[in-house]
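Secondary and tertiary structure notes
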Amino acid sequence: MERYADQVSKDLSYGKEIWDYQLEEDSIYGKLNYRLDEMKHNFDRMVSIMEHLPEISDCMLDSLGQQAQKIMGLMTLIVDKTFNNVDYQRKEIQQYISEERKSILEEMRVMADDSLRTLVDALPGLIGQITGWIILLVVVVFGVPFMAGFWLGKLQERQHIKKKEKRNK
């Protein structure tokens, strides 16, 4: 029962970690969306200003490049966290499977020991029954014909004695 309580506890802990990861991931996606919206707004401003002032466009391009670098860094962070989370989940699942495999093997060993113990305990009774049936079979196979022969011999001897007595009389 304790093993199942531990398993439920681990499942709840694992579910909490996944939920925390999803909240963190939503936060990162929110930052990414904010950066993309800011970049679009700056790009629209840049287009309107580029039509009028070429000097301002250079400054805007530098700003846009910096924002693009921030977005790329943020996307790299998202990919790294995702791979780290997948690796963590794989390790947790592997550990869970290993623990379950150990518990199943232990249960199978206990069942095999119980079965063997039951067989060994029942073996003397089974051997006694088999021996009894073999003795009964031998008695029936050999004893009945001998007994029938003995009775028939006795009957024949009686008849033979009766015939002699009838002749002697």
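Note: the structure precedes this text.
Quick notes on the rules
Residues numbered from 1 in each chain as written. Predicted model: local features only at pLDDT ≥ 70, side-chain atom pairs only at ≥ 80, totals over all residues. Heavy atoms only, no water. Helix = DSSP H or I, 4+ residues; strand = E, 2+ residues; numbered from the N terminus. Buried < 20%, exposed > 50% of the residue type's maximum accessible area, 1.4 Å probe, protein only. Contact = heavy atoms within 4.5 Å. Areas by Shrake-Rupley, 256 points an atom, 1.4 Å probe, with all protein chains shown as cover. Salt bridge = Lys/Arg side-chain N within 4 Å of Asp/Glu carboxyl O. Patch = residues over 30% accessible without salt bridge, like charges linked within 9 Å, V, L, I, M, F, W, Y side chains within 5 Å. Lys, Arg positive; Asp, Glu negative; His and termini not counted. Charge placed at Lys NZ, Arg CZ, Asp CG, Glu CD.

All right, on to the overall build of the protein then. Per the secondary structure count, the protein includes two helices and zero strands. Burial status across the protein gives 9% buried among its 169 residues. The contacts in the protein between residues at least 6 apart in sequence include a share of 82% that link residues at least 24 apart. Surface exposure of the protein reaches about 14,300 Å², of which carbon and sulfur atoms provide 65%.

A few words now on the pattern of salt bridges. Here the structure, examined in full by the defined rule, presents six salt bridges. Lys40 is the partner of Asp44 in a salt bridge, and the nearest nitrogen-oxygen pair spans 3.4 Å. Taken as a pair, Asp44 and Lys40 lie in helix H1 (residues 2-50) at a separation of four residues, close to a single helical turn. On the basis of relative accessible area, Asp44 is assigned to the partly exposed category, the value being 41%. Residue classification places Lys40 among the exposed positions, given a relative accessible area of 54%. Two residues, Arg109 and Asp113, come together in a salt bridge whose shortest N-O distance is 2.8 Å. Here the residue Arg109 and the residue Asp113 both occupy positions in helix H2 (residues 54-168), the gap between them amounting to four residues, near one helical turn.

Let us now look at a positive patch on the surface. Judged by side-chain charge, Lys154, Arg158, Lys162 and Lys166 come together as a positively charged surface patch. Tracing the backbone shows Lys166 in helix H2. Lys166 gets classed as exposed once you look at its relative accessible area, which sits at 69%.

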